[in-house]
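Structural features, examined
Here is how the chains run, residue by residue.
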Amino acid sequence: MNSDDSPDHINDSRPPEHASGAQSRRGFLQRSGTGMAALLMAGASGPALAAAATPGAPNSVKLPLIQDPNTEPAENTPDPNAEPDRRVGYAIVGLGRLSLNQILPALSASKYSRVVALVSGDAEKAKKIGRQYGVRESAIYTYQTYEKLADNPEVQVVYIVLPNGMHAEYTIRAAAIGKHVLCEKPMAVSSAECQRMIEACKKANRLLMIAYRSQYEPMDRMIAKWVKEKQLGPLHEFIAGNSQNVGDPTQWRLKLALAGGGPLPDVGIYCLNAARFLSGEEPFEVFATTYKPDDDPRFKEVEQSVQFLLRFPSGLTATCMASYASHESRFFRLQGAQGWAEMNPAFGYNGLQLRKGQLVEGKNAQIQIGIDPVDQFAREIDHMSLCVVRGQTPHTPGEEGLQDQRIVEAIYESARTRRAVKIAVPAGPTRGPDPDEENF
Ligand code: NAD
C-alpha cells in the first residue's frame, strides 16, 4: 500500500487547512498568493450547504501555501523584470490552432520567455504573425530551412507544435543543431520514436521537455500535494474521462500515421498522465477495449473511443475513457479511504473546478476550491526557461512521455488481444525536480 497508515492520519478528521471549528464549517477560505479560494460545505449528514461566507463571522482562513513566498527564490532564477532580450528565446514550429490561440499569447504573458522565431509552411502567414509578436522577417523559417535556426543565437528552445507523427523528426533535427526542445504531447507515435528523441537530446547535451501542462496547473498540483501528505488516506480508485465530438473527417487527428491513434493519444493521455502524476505511482497492468463503428467516415483509421483500466502496486485502479464522438466532457475523481478530490471540468485551459470531500468533525463535508484564471502554458514555458538557465532536468522530461507512450501501446495491445497486458515499470524516475512553486 502506498499510504501512511499512522493513526494520526487515519483518525484526523480536521480539514487540511487546519481551520478551527467555526471557521471550518462556514468559511470562505482564501489562499493568498495564487488567488485560490475555497468554500467549505457541510455534507448530507451536516447542516445545509453553506452558500457563502456569513457576514460578521470569522470568515477568512488562509490555505497553506505550497511554498512560502518569503523564502529566497531558488538559485539562478532570472529577474522577471529583466529586459525582454534577456529572456529565453523560443522558435515556435507549426502555426496551427494551439500555437496561435494559446502558445503565442502565453509567451507574451510569461516571465522568463519570449518568442524570437517562427517555423511554418506558409511564409506569408508566418510573416503576418511575426509582425504581431515582434518577430523579425529574418527569423521566419520554413520546414526546409529549419536547420538555419542553428545560425540564430537568439533561439535557445524549439517548441514543436506539429501533428504528433512529426514530433520525433523535428525534435531530433533541433537537437542536432544544438537547440533545447519543448515538445507538445503526445511525445510521439511510438515508444521507439520516444527513445530516439531522448537519445538525440542526450547526445547533443540538450534538454527535452514534454508539454504536460496539467502538471504545472495549480489545482492538479494541489491534489498531488494532498496525496503526498496522505490527506486522502490510502488511494483506491481514480475515475477519469476526456471526450470531444470531432468534426472534419479529413483532419490529421483522424489519420493514424500523423496522430498515432484516435482519442487515446490525443485526449485520453490526460487521464493516463493524471493517474500517474496525481497518485505518484506507476501502473503495472492494463485491460482495455476500443470501439470503431463501421459506418462513420471519421473512424476509418483510428478508434472512436477507448476504455482502459490500469492497476497500480498499492491496489489503486484507474478507470479511464476517452471519446472522439461524445459532447465535450472532461473530469476525474481520485478516491481514498479518508477523502476524495474531484476536478470537473478537468484538463481544460480554463474554467477548472476542484472539490474535495472528507470528514470534518465526524461529518461528511465538501470543499470547493476556485482559482483566478492562470495561464498553464505560460507556467510550463517558464519552467522550461528556468531549466535552460539552470541546466536542470525539466519536471516532465522525455522519460515521462516515453512511459505514457509505452502505456498507450499496452492499451492498444490489450484492446486487440482482449487480454490484460503487463506494463514494464520504468527503471528510474520519469520526472525531474518539481517546478518552483513561487512562480505559480
Ligand atoms: P493544428 O492542426 O491546428 O496545427 C498543426 C500545424 O501543423 C498547422 O500549422 C499545420 O499547417 C502544420 N503542419 C505541418 N505539416 C503538417 C501535415 N503534414 N499535416 C497537418 N498539419 C501540418 O493542430 P494543433 O491543435 O495546433 O496541435 C498541434 C500539436 O499540439 C499536437 O501534437 C497536439 O496534440 C498538441 N496539442 C496540445 C494541446 C495542449 O493542451 N497541450 C492542445 C491542442 C493540441
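Here, the structure is the one placed above.
The paragraphs below set out a description of the structure included in this document. As the structure is a computational prediction, the values presented were derived from the model and not from experiment.

**Comments concerning the site of the ligand**
Around the ligand sit 22 residues, and of these Arg 97, Asn 164, Lys 185, Arg 213 and Trp 252 come closest. At a separation of 2.7 Å, an oxygen atom of the ligand approaches a polar side-chain atom of Arg 213. Taking 840 Å² as the accessible area of the ligand by itself, protein coverage stands at 78%. Assessed atom by atom at 2 Å from the grid points, the ligand resides in the largest pocket. Sorting the residues of the shell around the ligand by element identifies helix H3 (97–108) and helix H9 (263–279) as the ones contributing at least two each. Across the shell around the ligand, the residue classes break down as 13 nonpolar, three polar and six charged. In this structure, the shell around the ligand is formed jointly by two domains, domain 1 (28–67 + 214–377 + 395–439) and domain 2 (77–212), each of which donates at least three residues.

**A short note on the layout of surface pockets**
A volume near 1,100 Å³ is recorded for the largest pocket. Contributing to the lining of the largest pocket are 45 residues, with Arg 97, Leu 98, Arg 253, Asp 266 and Tyr 349 lying nearest its centre. The biggest single contributor to the lining of the largest pocket is H3, with five residues. When residues of the lining of the largest pocket are assigned to domains, at least three fall in each of domain 1 (28–67 + 214–377 + 395–439) and domain 2 (77–212).

**Some details on the pattern of salt bridges**
Per the stated rule, a full pass over the model turns up 21 salt bridges. Residue Arg 253 pairs with Asp 266 through a salt bridge whose shortest N-O separation is 3.1 Å. Of this pair, Arg 253 sits in the loop between strand E10 (235–245) and helix H8 (256–259) while Asp 266 sits in helix H9, placing them 13 residues apart in sequence. Take Asp 266: its relative accessible area is 6%, and that puts it in the buried class. Among the ionic pairs, Arg 330 bridges to Glu 328, the shortest N-O distance being 3.2 Å. Note on Arg 330: relative accessible area 22%, which makes it partly exposed. Among the ionic contacts, a cluster of salt bridges with common partners joins Arg 276, Glu 282, Glu 400, Asp 404 and Arg 431.

**Considerations on the pairing of strand E12 (residues 305–311)**
Sheet topology note: the strand E11 (residues 285–291)/E12 ladder contains seven bridges and is antiparallel. Each bridged residue has a counterpart across the sheet, and for Tyr 291 the counterpart in E12 is Ser 305. In this structure, E12 lies alongside strand E13 (residues 317–323), joined through seven bridges in antiparallel fashion. Residue pairing across strands places Ser 305 opposite Ser 323, the latter belonging to E13. Hairpin geometry of E12 and E13 is characterised by an intervening segment of five residues between the two adjacent antiparallel strands and by a positive phi of about 105° at Gly 315.

**Regarding the packing of aromatic side chains**
Considering all chains together, one arrives at six aromatic pairs under this definition. Ring geometry for Tyr 143 against Tyr 170: centres 5.7 Å apart, planes inclined by 75°, an arrangement best described as edge-to-face. Within this pair, whereas Tyr 143 is found in the loop between strand E6 (140–141) and strand E7 (157–160), its partner Tyr 170 is found in helix H5 (residues 167–176), the two being separated by 27 residues in sequence. Each member of the pair, Tyr 143 as well as Tyr 170, carries the same accessibility label: buried. Ring centres of Tyr 349 and Phe 377 lie 5.3 Å apart, and the angle between their planes is 70°; on these two criteria the pair is classed as edge-to-face.

**A word on the nonpolar core**
Counting residues in hydrophobic clusters, the biggest one holds 107 residues, and the most contacted among them are Tyr 90, Ile 92, Leu 149, Tyr 159, Ile 223, Phe 238 and Phe 308. Here the element with the most residues in this core is H9; it accounts for 10 residues. Domain assignment of the residues forming this core places at least three in each of domain 1 (28–67 + 214–377 + 395–439) and domain 2 (77–212). Every residue in contact with Ile 92, bar those within four places of it in the chain, is listed here: Ser 99, Ile 103, Leu 104, Leu 107, Val 115, Ala 117, Leu 118, Val 119, Tyr 159 and Val 161.

Conventions used here
- Residues numbered from 1 in each chain as written.
- Predicted model: local features only at pLDDT ≥ 70, side-chain atom pairs only at ≥ 80, totals over all residues.
- Heavy atoms only, no water.
- Near = heavy atom within 4 Å.
- Polar contact = N/O pair within 3.5 Å; in protein donor to acceptor, adjacent residues only side chain to side chain.
- Areas by Shrake-Rupley, 256 points an atom, 1.4 Å probe, with all protein chains shown as cover.
- 1 Å grid on protein atoms, 1.4 Å probe; cavity = no way out; pocket = protein on both sides within 12 Å on 5 of 7 lines; lining within 4 Å.
- Sits in = over half its atoms within 2 Å of the grid points.
- Helix = DSSP H or I, 4+ residues; strand = E, 2+ residues; numbered from the N terminus.
- Nonpolar A, V, L, I, M, F, W, Y, C, P; charged D, E, K, R; others polar.
- Domains from an automatic or database assignment.
- Points joined across faces, edges and corners; volume = space filled by probe spheres on them.
- Salt bridge = Lys/Arg side-chain N within 4 Å of Asp/Glu carboxyl O.
- Buried < 20%, exposed > 50% of the residue type's maximum accessible area, 1.4 Å probe, protein only.
- Pairing = 2+ DSSP bridges.
- Phe/Tyr/Trp six-rings, centres within 6.5 Å; stacked < 30°, edge-to-face > 60°.
- Core = buried A, V, L, I, M, F, W, Y, C linked by side-chain atoms within 4.5 Å.
- Contact = heavy atoms within 4.5 Å.

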